[in-house]
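Next come the chains, spelled out residue by residue.
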Amino acid sequence: MANVGNGAQDISQVINHQIANKIKYLKELKAAVDAHDDKQVYQLLDNQRYAAEIEHREQQPNDQGVMNLVDDLADQLSNYLSGKLIKYLGHTYPFFYYEEYQTGHFRVYFGNWWDRRLFGELDVLNLRFVFNKEEYQKLEQSFELAKSGKRYNSAKIAELSNEDDRLQDLIDKSEERARQKNSIQDQLRDTNSRGGLFESSRAKETRQSLVDKLAQLEDDDKKTENAAETIKANEKTVLELSKENTILSYEQKSINDTFGSFDDFVLANRNLYANYLQSLDNEKKAGDQE
C-alpha cells in the first residue's frame, strides 16, 4: 500500500508541475500581449525557431504541452500581430497589398495597378509569405527570360500571330483557289476524255497529280470556314497575353527597384522572420532611449 501511495504522490507532482508550466506560459503570453511586446509573443509561439534564427544557438525543443493551449486563439493572435507586421511590410515590400478576408487571414495582392494579381497569402503567425505556386513561377521565369531580352508570353504571342497570318493568307487567296480549282477540273475532264483502256502511265500520273492538287485546295477551303473566328479568338488571347506581359514587367520593376534583383527578393523572404523581429528589437531600444 505504501508503494501505491508513493506512486500517486509522484503522479500528482508531475501533474502539478505541468499545470504550473501551463499557467506560467499563459501568464507570460498574457503579459507580452498586454505590453504589446510582439517579439516576446513570437518567441513564446515558437521558441525553437526563435532560438535558432534570433539567438543563433542550438535549437530548443518546443513544449507542445503548453504551446497548444492557444491553438484555438490562432486567428485572434494573427489579427493582433498583423498590425505592426503589415506596417513593417508596407516599407519593406511596398508593392504588396493585404486584405483580411476573415479574422487573422490575409490575402496578398501584387501592385495597386489595374488587373493586379492575387499573389498568395500572408502567414502572420509563422512570419512568411505563402505565394501562389503558379503565379510565383511565372514571375520567376519572367526574370530568367529577361536576362536574354525575352518576355514571358513572347513565344506564345509569336505562335498565335504566325497562325493568324497563315489563316489570313488562306482567306485572301480564296478567289485564287477558286480559279485554280476550275482550271484543274477542266484539265481533269480533258484528261478523262482522252483516257482509255490502254492509257499511258504518264497520263495516269498527271491525273493523280491533278486530283491531289484539287484535294489540297479543297482542304484549304475547309480551313478558311472558321478562319475568321479563329483569328478573332487568337487576337483576344494575344491581347490577354500582352496584358500579362505588362503586369509581369511592372512586378519585375517593383522588385528590382526595391531589392535590386529577384535573388535578393528571395533572400529577403527567407530572412523575413529574423529581419522583422530584429526591427521590433530596434524599435523597442529606440523607444527606451527616448
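Below or above, wherever it landed, is the structure these notes cover. Predicted model only: the values in this text are computed from it and were never measured. (Residues numbered from 1 in each chain as written. Predicted model: local features only at pLDDT ≥ 70, side-chain atom pairs only at ≥ 80, totals over all residues. Heavy atoms only, no water.)

Thoughts on the nonpolar core
Formed by 47 residues in total, the largest nonpolar core has its most connected members in Tyr93, Phe96, Phe129 and Phe265. Every residue in contact with Tyr93, bar those within four places of it in the chain, is listed here: Tyr98, Phe129, Phe259, Phe265, Ala268, Asn269 and Leu272. Core analysis: the next-biggest nonpolar cluster, separate from the first, contains five residues, Ile184, Leu188, Leu210 and Leu217 among them. (Core = buried A, V, L, I, M, F, W, Y, C linked by side-chain atoms within 4.5 Å. Buried < 20%, exposed > 50% of the residue type's maximum accessible area, 1.4 Å probe, protein only. Contact = heavy atoms within 4.5 Å.)

A few points about the pairing of strand β2 (residues 105-110)
Inspection of the sheet shows strand β1 (residues 96-102) paired to β2 by six bridges, in the antiparallel sense. Across the sheet, Phe96 pairs through a bridge with Phe110, a residue of β2. Linking β1 back to β2 in an antiparallel pair, the connection comprises two residues, with Gly104 at a positive phi of about 80 degrees. By the bridge criterion, five bridges tie β2 to strand β3 (residues 117-123) in an arrangement that is antiparallel. In the strand pairing of β3, Arg107 is matched with Glu121. Counting the residues in the hairpin turn of β2 and β3 gives six residues, including Gly111, whose phi is positive at 90 degrees. (Pairing = 2+ DSSP bridges. Helix = DSSP H or I, 4+ residues; strand = E, 2+ residues; numbered from the N terminus.)

So, the packing of helix α2 (residues 38-45) against helix α5 (residues 74-92)
Packed helix pairs are characterised by how far apart their axes lie and by the angle those axes make with each other. Running from N to C, α2 and α5 point in directions that differ by 135 degrees, and their axes come no closer than 11 Å. Accordingly, the angle class assigned to the pair α2 and α5 is oblique. As for the relative orientation of α2 and α5, their crossing is left-handed in sense. Residues Asp38, Val41, Tyr42 and Leu45 of α2 form the contact with α5, whose own contacting residues are Leu77, Tyr80, Leu81, Lys84 and Leu85. In terms of residue class, the contact of α2 with α5 is built from seven nonpolar, no polar and two charged. (Axes fitted to C-alpha atoms, helices over the stretch in contact; angles between N-to-C directions. Parallel < 35°, antiparallel > 145°, perpendicular 65-115°, else oblique. Left-handed = near helix turned anticlockwise from the far one by under 90°. Nonpolar A, V, L, I, M, F, W, Y, C, P; charged D, E, K, R; others polar.)

Details of the side chain of Gln252
With respect to the helices and strands, Gln252 occurs in helix α10 (residues 227-259). Of note is the side chain of Gln252, whose polar atom sits 3.4 Å from the side chain of Ser142. Excluding anything up to four places from it in sequence, Gln252 contacts Leu139, Ser142, Phe143 and Ala146. (Polar contact = N/O pair within 3.5 Å; in protein donor to acceptor, adjacent residues only side chain to side chain.)

Re a nonpolar patch on the surface
A cluster of nonpolar residues, Ile11, Ile15, Ile19 and Ile23, forms a patch on the protein surface that exposes about 350 Å² of accessible area. Tracing the chain through its elements places Ile11 in helix α1 (residues 2-34). (Patch = residues over 30% accessible without salt bridge, like charges linked within 9 Å, V, L, I, M, F, W, Y side chains within 5 Å. Areas by Shrake-Rupley, 256 points an atom, 1.4 Å probe, with all protein chains shown as cover. Salt bridge = Lys/Arg side-chain N within 4 Å of Asp/Glu carboxyl O.)

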